[in-house]
Every structure is written in C-alpha cells, then in structure tokens.
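Structural overview
Here is how the chains run, residue by residue.
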Amino acid sequence: MGIEVAIGIMAVLGIAFAVWVLKYNAKVTGNDRMEAIHKKIDELNGVIIAIEKIDRTAYPYEDIFNNSGNMYKFYRIRYEVEGRRKLGYGVLIIKQNAYGPALAMNTEWVWKF
C-alpha cells in the first residue's frame, strides 16, 4: 500500500507543477503583450488610459485577418497625446512555425491609430 501512496503523491505534485507552469507562462505572455502596446504608445509620445482585449467582431476596420493557420488577438487602446484623447487598435498575429522547436511561434503586430 505504501507504493500506491507514493505514486499518488507524485501524481498530485506533477499536476500541481504543470498548473503552476501554465499559469506562469500565461502571465509572462500577457506581460509581454502589454509591454509591446506600452512601447508603441510611448513611440507616439502618448500616455495609456486603458487597454482592452476585444473580440474580432468589435474590431471596426476591414477584417483582413483570415488566414486559418494564424491566431489573432485584438486590443482596443485608449490613450492621450498632447492632451487629446485618442482611440487605437492593435492586432497580434501569431504564426505557428512549420519547422524548428515544438510549438515555436512568430508574432507580428498590426497597429491602427
């Protein structure tokens, strides 16, 4: 009966570690995306008021993002430049590589200001 308990404990620890890794990676990815948006607004000499992740249907421009091999993340960005409030959008295009390390991806931003 001792070996079953040890296996059970190892299984629980393995699952807990996997959940922690997934949460950590999600947080790092989210921080990287926010950093890219902040950097772009800084280039415009702007100050961010709010960033919202939105659905594709809320994107007001022509939807040219239709490659089934890519994933798309849409963001609405409210910012201020020289005392004037503005609205912009960022679309993150995530492309899965057909070669290289497993799950290797390339990303590219498309901005509308």
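Source: prediction; values computed, not measured.

Let us now look at the pattern of salt bridges. What the rule picks out here adds up to five salt bridges. If you follow the salt bridges from partner to partner, you end up with Glu-52, Arg-76 and Arg-78 in one network.

This part takes up the environment of Phe-65. With respect to the helices, strands and loops of the structure, Phe-65 is situated in the loop between strand S1 (47-54) and strand S2 (70-81). For the pair Phe-65 and Val-91, spaced 26 residues apart in sequence, the C-alpha separation works out to 9.1 Å. Each residue touching Phe-65, except ones within four places of it in the same chain, is listed here: Arg-56, Tyr-59, Tyr-72, Phe-74, Val-91, Ile-93 and Val-110.

Moving on: the side chain of Arg-76. Examined against the element boundaries, Arg-76 turns out to sit in strand S2. On the accessibility criterion, Arg-76 (15% relative accessible area) is buried. A distance of 3.5 Å separates a polar atom in the side chain of Arg-76 from a polar atom in the side chain of Tyr-89. Residues in contact with Arg-76, not counting those within four places in the same chain, are Ala-50, Ile-51, Glu-52, Ile-54, Ala-58, Leu-87, Gly-88 and Tyr-89.

Right, let's talk about the confidence of the model for the protein chain for a bit. On average, residues of the protein chain score 85 in pLDDT, and 86% of them reach the 70 mark or higher. At the low end of the mean pLDDT range in the protein chain sits helix H1 (residues 2-43), at 80; at the high end sits S1, at 96.

What follows deals with the sheet that holds S2. To summarise the sheet geometry, strands pair through backbone hydrogen bonds and adopt either a parallel or an antiparallel arrangement. Strand order across the open sheet formed by four strands is S1-S2-S3-S4, with antiparallel pairing between neighbours. One side of each edge strand has no neighbouring strand; the edge strands of this open sheet are S1 and strand S4 (105-112). Direction aside, the axes of adjacent strands within the sheet are offset by 25° on average. Taken together, the 12 bridges between S2 and strand S3 (residues 84-96) define a ladder with antiparallel strand orientation. By the bridge assignment, Arg-78 is partnered in S3 with Leu-87.

So, on to a nonpolar patch on the surface. Among the surface-exposed residues, Val-5, Ile-9, Met-10 and Leu-13 lie close enough to one another that they form a single nonpolar patch of about 410 Å² accessible area. In this structure, Val-5 sits in helix H1. When its relative accessible area of 47% is taken as the criterion, Val-5 is described as partly exposed.

Before going further, it helps to spend a moment on the packing of aromatic side chains. Across all of its chains, the model carries 11 aromatic pairs by this definition. Between the aromatic rings of Tyr-79 and Phe-113, the centroid separation amounts to 5.5 Å while the plane-to-plane angle is 90°, which identifies the pairing as edge-to-face. Of the two residues, Tyr-79 is situated in strand S2 and Phe-113 in the segment after S4; the sequence distance between them amounts to 34 residues. Judged by relative accessible area, Tyr-79 falls into the buried class, the value being 4%. Ring centres of Trp-109 and Trp-111 lie 4.8 Å apart, and the angle between their planes is 10°; this geometry places the pair in the stacked category. For Trp-111, a relative accessible area of 22% puts it in the partly exposed group. Following the ring pairs from residue to residue traces out a cluster consisting of Tyr-59, Tyr-61, Phe-65, Tyr-72, Phe-74 and Tyr-89.

Thresholds applied
- Residues numbered from 1 in each chain as written.
- Predicted model: local features only at pLDDT ≥ 70, side-chain atom pairs only at ≥ 80, totals over all residues.
- Heavy atoms only, no water.
- Salt bridge = Lys/Arg side-chain N within 4 Å of Asp/Glu carboxyl O.
- Helix = DSSP H or I, 4+ residues; strand = E, 2+ residues; numbered from the N terminus.
- Contact = heavy atoms within 4.5 Å.
- Buried < 20%, exposed > 50% of the residue type's maximum accessible area, 1.4 Å probe, protein only.
- Polar contact = N/O pair within 3.5 Å; in protein donor to acceptor, adjacent residues only side chain to side chain.
- pLDDT = per-residue confidence, 0-100.
- Pairing = 2+ DSSP bridges.
- Axes fitted to C-alpha atoms, helices over the stretch in contact; angles between N-to-C directions.
- Patch = residues over 30% accessible without salt bridge, like charges linked within 9 Å, V, L, I, M, F, W, Y side chains within 5 Å.
- Areas by Shrake-Rupley, 256 points an atom, 1.4 Å probe, with all protein chains shown as cover.
- Phe/Tyr/Trp six-rings, centres within 6.5 Å; stacked < 30°, edge-to-face > 60°.

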